[in-house]
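These are the residues of each chain, in order.
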Amino acid sequence: MSDTPAAVVVRRGAYHDSVALMRLSRALSDLPGVEAAMVAMATELNVTILRELGFTVPEAGPGDLLVAVRAHDPGAAVEEAERRLATVHRPQAEAQEQPPLTTRSAVAAVDAGLVLVSTPGEYAFLEAYDAVEAGLPVMIFSDGVPVERERQLKELAETRDVLVMGPDCGTAVIAGAGLGFANVLTPGPAGVVAASGTGAQQVTCLLDRAGVGVSHVLGVGGRDLSAEVGGLSTMRALRMLDDDPATELIVLVSKPPAPEVARAVRELPLRTPVVPAMLREGGPDLTEAAEQALRLLGRSVPEWPSWPAWHRARPSAERITGVYSGGTLATEAALITGSRDIVDYGDDAYTRGRAHPMIDPTLRVEALAGAAETDVVLMDVVLGHGADPDPAASLAHAVARTPATVVVALIGTDGDPQDLHRQAAAFREAGAAVFTSNAQAARHARSLL
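Here the structure is a predicted model, which means the values were calculated and not measured.

Participant: Before we move on, could you go through the pattern of salt bridges and cite the residues and values that matter?
Facilitator: Inspection of every chain in the model, using the stated rule, returns 23 salt bridges. Here arginine 26 makes a salt bridge to aspartate 388, at a shortest N to O gap of 3.1 Å. With arginine 26 in helix 1 (residues 18–29) and aspartate 388 in the loop between strand 16 (375–382) and helix 14 (392–401), the pair connects residues that are 362 residues apart, well separated along the chain. We classify arginine 26 as partly exposed; its relative accessible area is 25%. Note that glutamate 80 and arginine 83 form a salt bridge whose closest N and O atoms lie 2.7 Å from each other. With glutamate 80 and arginine 83 both in helix 3 (residues 74–87), this residue pair falls three residues apart, about one helical turn.

Rendered as structure tokens:
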């Protein structure tokens, strides 16, 4: 155990958003003299994590805030945490106004068009159930909802004639408004139904690059096309886009679906052409699906931008490993390369108690540090609102330090706040080959063996 001084401070009843706190924890950890830092609500999970890190945690409840630091001057580090917490926006109701305490009361109090649920998974079902029962569509950003509850919720949605997006729906775009992780897209004729967040981002970014805008992106959750859920939200979303006069073509994105569910989706009677981008052995990849959509819309297929690596002397490559933040992109990379060493760090197993790797690069930085000289490391970097505001700031440094050969799939548009071309230049300068197509990145990685 470290001999560095530590301090843990409890702030009673001081609630803050978990993502904002995770970003603050990361910023504090990067300060000189700070060995470890965590600012989090005192949930059972967070208290357990702090104790495993060697902190002594005072008595606190889930509504209390914990500031824990191990540093050469822990008092100064706590003061810096308090200073930064004071700048974090916390919406306040007016003095005379009692804010709604439940989803049910909020729905009754405001004229809502959609409910977004982002709570720990054990609470998400009940909040979403209240929304659906009130006749409102719902996007469930939360994961950790049991699959039988998902099926129950979507069966209720059928009786209320509304759409359930999720659980674990990371990306949606409704009439130009991005929800969750979302790229800056121009409006246009292509609609997307996606049982995949990063898969939808890849397809829409390629379409945007070719000058084709997007009407809506309706996420349905990664399990919707499983046998247990039966594609209930996928089929409803397809019917909704089919009825939308602004949508001329639909792209359906998913990881490998259950065969019987894929068959039911294909047999759905629709007027609007549907391009399947359902990843499977021998099937089209996401880039090929985007190219097919362009041809059906009468548009030319451009050359997808890429930036070759600045050459460094490398030994012969022996294997491909993947350090991915997007599950569907990881699946696509595994199908193309044939590698069994592609890891999706956005999987529930890695995000329990920590921010998604599109926000927090820590696990992937560690993976790059552990790569071997004979590895080709294939990784995605996903831009857009909600993602790391400058992923190259940490990941490009890790790329420069790793002994492996690195290939980056950079998913984004020219309108994204991170500046796609600046990110590409930083990764290329660090020694990586950079592609805007994940499929092309995977093929390049395979060619290096």
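The discussion continues.
Participant: Run through helix 3, naming residues and quoting values.
Facilitator: For helix 3, built from 14 residues, the straight-helix expectation of 20 Å at 1.5 Å per residue is met to within 8% by its first-to-last C-alpha distance of 20 Å. Those residues of helix 3 lying buried are Pro74, Ala77, Val78, Glu80, Ala81 and Leu85. Mapping the buried residues of helix 3 onto a view down its axis gives an arc of 160°, with all of them on the same face. Exposed and facing more than 90 degrees away from the buried side of helix 3 are Glu79, Ala86 and Thr87. Where the residues of helix 3 are buried, they touch strand 1 (6–11), helix 1, strand 2 (34–41) and strand 3 (65–71).

Participant: Quick one: what's the story with the sheet that holds strand 3, residue by residue and with numbers?
Facilitator: Overall, antiparallel pairing links the three strands, which are arranged 1-3-2 in an open sheet. What marks the edges here is a single partner per strand, and that holds for strand 1 and strand 2. Put simply, the sheet's adjacent strands are angled 10° from each other on average, direction ignored. As paired strands, strand 2 and strand 3 are joined by seven bridges and run antiparallel to one another. Looking at strand 3, one finds that methionine 41 is bridged to leucine 65. Across the sheet, helix 2 (residues 44–52) touches strand 2 and strand 3, and the angle it forms with strand 2 is around 165°.

Cut-offs applied
- Residues numbered from 1 in each chain as written.
- Predicted model: local features only at pLDDT ≥ 70, side-chain atom pairs only at ≥ 80, totals over all residues.
- Heavy atoms only, no water.
- Salt bridge = Lys/Arg side-chain N within 4 Å of Asp/Glu carboxyl O.
- Helix = DSSP H or I, 4+ residues; strand = E, 2+ residues; numbered from the N terminus.
- Buried < 20%, exposed > 50% of the residue type's maximum accessible area, 1.4 Å probe, protein only.
- Expected span 1.5 Å × (residues − 1).
- Arc of directions from axis to C-beta.
- Contact = heavy atoms within 4.5 Å.
- Pairing = 2+ DSSP bridges.
- Axes fitted to C-alpha atoms, helices over the stretch in contact; angles between N-to-C directions.

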